Amino acid sequence: MANSHDKPGGRRLRSRAWFDNPDNPGMTALYLERMMNYGLTLDELRNSGKPVIGIAQTGSDIAPCNRHHIELARRVRDGIRDAGGIPLEFPVHPIQETGKRPTAALDRNLAYLSLVEVLYGYHLDGVVLTTGCDKTTPAMLMGAATVDIPAIVLSGGPMLNGYYNNGLAGSGTVVWHARQELAAGRIDYDQFLEMVASSAPSVGHCNTMGTALSMNSVAEALGMSLPGCAAIPGPYRERAQMAYATGRRIVEMVHEDLRPSRILTRQAFENAIVASSALGASTNCPPHVTAIARHMGVPLDITDWDRIGYEVPLLVNLMPAGQYLGEEFHRAGGVPAVMNELLRAGKLHGDALNVSGRTIAECYADTPVRNRDVIRAYEQPLLPQAGFAVLSGNLFESAVMKTSVITEEFRARYLQRPGDEGAFEGRAIVFEGPEDYHARINDPALAIDADCLLFIRGVGPIGYPGAAEVVNMLPPDALVRQGITLLPCIGDGRQSGTSASPSILNASPESVVGGGLALLRTGDRVRIDLNRRRADMLISDDELARRRAAWTPPTLVSQTPWQELQRRHVGQLQTGACLDFAVSYQRIDATHGIPRDNH
């Protein structure tokens, strides 16, 4: 009888501290009493020995990319029940990349904080993390890493393929193409809207290798999802089947005491970096993955992305770096096929653990590619090097450039100057945020030509606030009409993972805290040298010192209490844009034990 509510091996379920504490019958009664007001029974909660499993629900009407998790949660519940657990679904602060102003990046840290409080403060033995839209995945993993109770990721999957005029229309990616068509005068406003809307034909997140599919693929590469979870399209029956399997597995993980700290190791993060390069993943992956690592207590430096991942080839032929969309990626084998290729090439730590309880090598030893045009062999890639280049110089301490989207046209124009290959120089055009860019990009007085570099500042974690996806700036309409659709873009903000612009992003420190971008002026000559990983204003040290001495920080106006709190405590993109005080709270469940009673 005394052991009927213990886990196998004699470890007591965490939820017993709420629902079966004979040393404090008054509190036990209080916790039990209200949980029964919708039909749960005393026997279920007190005597069954069933683990209580949370379902962290990120779906809602204002988070359409995750909306179908409301239905998928039913299958998660089925799996939890059939495996002998008790499911309890709870809401998570919504994060929708395409809906939240000024940027959804503000909400990643807010959702993280609230999830930590739920996972630690409530009667949960384990949790299913429902993910999808960009920031939901890192927010959930950051929270799970911090508390460190058994956790597993269930992603919602990409939308079905979109089509426009019989051609593929990739979510996000089609926006940037449509902007070019509108600027060139080839379509009007109504056609612009119709073209963009064509890319969202079903439930699910972006069907391109934008940040959503990138981060959910990374979650699988980290070992936090069951093999094959990331790429199943949202409407496919396999998505609901994966939800059921995930529900069953989290109950087993509780009994095994399999926690994120056993999975999210240094080896797992190195695997994630390698997988990101092979996938052609979003430039938002470095700050998000770095944030997860910091909250797990695993050292991960921004330069690791270049050192570990730069030489890895591009294997996945998916927009924006390729030509296909999410359905083809799934049918070709998805993340398992990519992991198999990387294992064969000796690029992964095969002994890293997956939430299935098996090693990465065991999970992906027999997951073949089913379409070699979509997922290439390691020896026959789309590109021989596809990782992120991490640059530094007097413009910033670090910034990242996604090399897998450097087009032949861009390379020929900027990176093949005889005797100076891999480098380019140009005249800087500086914008103070997106409003200034939109107001002045077509100003003839700027005399913007193909040799100019577009800079945008004041758009980082503190400056915007939140770090906005605004760095991929379209050239002036006059240049677009001439066929010049890309200029080098540099900024202290981010850009959408669906963009094919080879911008230099995430510049840290940002301009509003005195980073080098704050000292740049329109008309300055700038040199970018990818071979040496340098980005510099071509001005003298004396002039740079004069500008720094004259610089004063801008006045920042916060519009909400959370914006003010975020600005006070957020770090830079190179270190994950975490709330810097929060990273000292690690493995809370083991460190602090069960929280104090509430009465």
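Residue numbering note: each chain is counted from 1, following its sequence as written. Selection of residues for local features in this predicted model requires a pLDDT of at least 70, selection of side-chain atom pairs for listing and counting requires 80 or more, and totals for whole chains, interfaces and linings are taken over all residues. Only hydrogens and water are set aside when side-chain values are computed; all heavy atoms of the structure are taken into account.

**As for the overall build of the protein**
Next, step 1: Looking only at helices and strands, one finds 23 helices and 14 strands in the protein.
Next, step 2: For this measure, only C-alpha atoms enter the radius of gyration; the expected value for a globule follows 2.2 Å times N^0.38, where N is the number of residues. Taking 25 Å as the expected radius of gyration for a compact globule of 599 residues, we find that the protein reaches 25 Å, a close match to that expectation.
Next, step 3: Projected onto its principal axes, the C-alpha positions of the protein cover 80 × 55 × 45 Å.
Next, step 4: The buried label goes to any residue with under 20% of its type's maximum accessible area, the exposed label to any with over 50%, and the partly exposed label to all in between, with areas taken from a 1.4 Å probe on protein chains only. Per-residue burial over the protein gives 62% buried out of 599 residues.
Next, step 5: For the protein, long-range pairs separated by at least 24 residues make up 76% of all intrachain contacts whose partners lie at least 6 apart in sequence.
Next, step 6: Of the roughly 22,500 Å² of accessible surface on the protein, a fraction of 51% belongs to carbon and sulfur atoms.
Next, step 7: As used throughout, the charge tally considers Lys and Arg to be positive and Asp and Glu to be negative, leaving His and the chain termini uncounted. By convention, charge coordinates are those of NZ in Lys, CZ in Arg, CG in Asp, or CD in Glu. The distance from the centre of the 57 positive side-chain charges to the centre of the 65 negative ones in the protein is 2 Å. Elements are defined by DSSP. Helices are runs of H or I of four residues or more, strands are runs of E of two residues or more, and each kind is numbered from the N terminus. Two residues qualify as a contact provided that any one of their heavy atoms is within 4.5 Å of a heavy atom in the partner residue. What sets the accessible areas is the Shrake-Rupley method with a 1.4 Å probe; for residues, cover comes only from the shown protein chains.

**A closer look at the sheet that holds strand E3 (residues 126-131)**
Next, step 1: Any two strands are treated as partners once DSSP identifies two or more bridges connecting them. Strands sit in the order E2-E1-E3-E4 across an open sheet of four strands; the sheet is parallel. At either margin of the open sheet sits one strand with a lone partner, and together these are strand E2 (86-91) and strand E4 (151-155). The mean angle between the axes of side-by-side strands here comes to 25 degrees, regardless of whether they run parallel or antiparallel.
Next, step 2: Sheet strands in contact with helix H10 (residues 237-256) are strand E1 (52-57), E3 and E4, and its direction is about 175 degrees off that of E4. Axes here refer to lines fitted to C-alpha atoms; in helices the fit is confined to the stretch in contact. Angles between the N-to-C directions go from 0 to 180 degrees.

**Considering empty space enclosed by the protein**
Next, step 1: Using protein atoms alone on a 1 Å grid, points that fit a 1.4 Å probe yet trap it form a cavity, whereas open point sets bounded by protein on both sides within 12 Å along at least five of seven lines form a pocket; residues with an atom within 4 Å of a point count as lining. Grid points are joined across faces, edges and corners, and a volume is the space filled by probe spheres set on the points. As enumerated under the stated definition, the model contains one cavity of 30 Å³ or more in all.
Next, step 2: Taken as a whole, the largest cavity encloses approximately 90 Å³ of empty space.
Next, step 3: Ala105, Arg108, Asn109, Lys135, Pro287, His288, Gly466, Ala467, Arg494, Gln566, Leu573 and Ala577 are the residues that line the largest cavity.
Next, step 4: When residues of the lining of the largest cavity are traced back to their parent elements, those giving at least two are helix H5 (105-121) and helix H13 (285-296).
Next, step 5: The element contributing the most residues to the lining of the largest cavity is H5, with three residues.

**Section: the layout of surface pockets**
Next, step 1: Estimates place the volume of the largest pocket at around 1,400 Å³.
Next, step 2: Together, 48 residues line the largest pocket, and Glu97, Thr98, Val175, Trp176 and Glu469 are the ones closest to its centre.
Next, step 3: Listing elements by their share of the lining of the largest pocket, those giving two or more residues are helix H7 (173-183), helix H8 (189-197) and helix H19 (434-440).
Next, step 4: Of all the elements, H7 adds the most residues to the lining of the largest pocket, at five residues.
Next, step 5: Classification convention: Asp, Glu, Lys, Arg as charged; Ala, Val, Leu, Ile, Met, Phe, Trp, Tyr, Cys, Pro as nonpolar; all other residues, Gly among them, as polar. The class makeup of the residues in the lining of the largest pocket is 23 nonpolar, 16 polar and nine charged.

**Quick word on H10**
Next, step 1: For H10, which comprises 20 residues, the first-to-last C-alpha distance of 29 Å matches the rise-based estimate of 28 Å (1.5 Å per residue) to within 8%.
Next, step 2: Turning to H10, its buried residues are Arg239, Met242, Ala243, Thr246, Gly247, Arg249, Ile250, Val251, Met253 and Val254.
Next, step 3: Those residues of H10 hidden inside the fold are in contact with E1, helix H4 (69-82), E3 and E4. For a helix, the expected span equals 1.5 Å multiplied by the residue count minus one.

**A few points about the nonpolar core**
Next, step 1: By size, the foremost hydrophobic cluster in this structure holds 175 residues, and its most contacted members are Leu129, Phe329, Leu342 and Phe455.
Next, step 2: Once residues lying within four places of it in the same chain are set aside, the contact partners of Leu342 are Val274, Ala275, Ala278, Val312, Leu315, Lys347, Leu348 and Tyr378.
Next, step 3: In terms of nonpolar packing, the next biggest core, distinct from the first, is built from seven residues, Tyr164, Ala169, Val174 and Met195 among them. Here the nonpolar core consists of buried residues drawn from Ala, Val, Leu, Ile, Met, Phe, Trp, Tyr and Cys, with membership extended through side-chain atoms lying within 4.5 Å.

**Here we look at the side chain of Ser155**
Next, step 1: Tracing the backbone through its elements, the reader meets Ser155 in strand E4.
Next, step 2: A residue is classified by how much of its surface remains accessible, and Ser155, at 0% relative accessible area, is buried.
Next, step 3: Side-chain polar atoms of Ser155 contact the backbone oxygen of Cys229, separated by 3.5 Å.
Next, step 4: Leave out the neighbours within four places in its chain, and Ser155 touches His69, Thr131, Asn216, Cys229, Ala230 and Arg239. For this analysis, a polar contact is any N or O atom pair within 3.5 Å, provided that within protein one partner can donate a hydrogen and the other can accept it, and provided that sequence-adjacent residues contribute only side-chain to side-chain pairs.

**Some points on the side chain of Ser199**
Next, step 1: Following the sequence through the fold, Ser199 ends up in the loop between H8 and helix H9 (211-222).
Next, step 2: Since its relative accessible area comes to 4%, Ser199 is described here as buried.
Next, step 3: A polar side-chain atom of Ser199 sits 2.8 Å from the main-chain carbonyl oxygen of Val196.
Next, step 4: When residues no more than four places from it in sequence are discounted, the contact partners of Ser199 are Met159, Gly162, Ala169, Gly170, Ser171, Gly172, Val174 and Asn207.

**Description of the pairing of strand E7 (residues 388-393)**
Next, step 1: Of the strand pairs in this sheet, E7 and strand E8 (residues 396-402) are connected by five bridges, and their pairing is antiparallel. By the bridge assignment for E8, Ala389 is matched with Met401.
Next, step 2: Between E7 and E8, which pair antiparallel and follow one another directly, the connecting turn spans two residues.

**Observations concerning the packing of aromatic side chains**
Next, step 1: Classification of ring pairs uses Phe, Tyr and Trp, with its six-membered ring standing for Trp, and accepts pairs whose centres are within 6.5 Å; under 30 degrees between planes counts as stacked, over 60 as edge-to-face, and the remaining range as tilted. Considering all chains together, one arrives at six aromatic pairs under this definition.
Next, step 2: Aromatic pair Phe431 and Tyr437: ring centres 5.5 Å apart, planes at 85 degrees, arrangement edge-to-face.
Next, step 3: Given a relative accessible area of 6%, Tyr437 falls into the buried group.
Next, step 4: An aromatic cluster is defined as three or more aromatic residues linked by ring pairs; in this entry it consists of Phe410, Tyr414 and Phe424.
Next, step 5: When the ring centre of Tyr310 is taken as reference, the NZ or CZ atom of Arg533 above it lies at 4.2 Å. Only when the NZ of Lys or the CZ of Arg is both within 6 Å of the ring centre and within 35 degrees of the ring normal is a charge said to sit over the ring.

**Points about the packing of helix H6 (residues 136-147) against H13**
Next, step 1: Across the interface, H6 lies against H13 with an axial gap of 8 Å and an inter-helix angle of 10 degrees. Here H6 is positioned roughly parallel relative to H13, judged by the angle of their axes. Here Pro138, Leu141, Met142, Ala145 and Thr146 of H6 lie close against H13, whose contacting residues are His288, Ala291, Ile292, His295 and Met296.
Next, step 2: Of the residues in the contact of H6 with H13, the class split is seven nonpolar, three polar and no charged. In these notes the angle categories are as follows: under 35 degrees is roughly parallel, over 145 is roughly antiparallel, 65 to 115 is roughly perpendicular, and the rest is oblique.

**Looking at the state of the cysteines**
A covalent bond between the sulfur atoms of two cysteines is what we call a disulfide.
Next, step 1: Working definition: a disulfide is two cysteine sulfur atoms within 2.5 Å of each other. The full count for this structure, using the stated rule, is zero disulfides.
Next, step 2: With no disulfide partner, Cys363 has as its closest neighbouring cysteine sulfur the one in Cys229, 13 Å distant.
Next, step 3: Unpaired in this structure, Cys578 has its nearest cysteine sulfur neighbour in Cys285, at a distance of 15 Å.

**Here we look at the packing of H5 against helix H22 (residues 561-569)**
Next, step 1: Across the interface, H5 lies against H22 with an axial gap of 11 Å and an inter-helix angle of 90 degrees. The angle between H5 and H22 places the two elements in the roughly perpendicular class. Across the interface between the two elements, Leu106, Asn109, Leu110 and Leu113 from H5 touch Trp562, Gln563 and Gln566 from H22.
Next, step 2: Per-class residue counts for the contact of H5 with H22 are four nonpolar, three polar and no charged.

**Side note on the pairing of E2**
Next, step 1: Relative to E2, E1 runs parallel, the two sharing six bridges. Its bridge partner being in E2, Ile53 is matched across the sheet by Pro87.
Next, step 2: When the strands point away from the viewer and the connection leading from the first strand across the helix to the second strand turns clockwise, the crossover is called right-handed. Handedness of the crossover is the feature at issue here: the chain leaves E1, passes through H4, returns alongside E2, and the resulting connection is right-handed.

Function-wise, these values are silent; they only describe arrangement.
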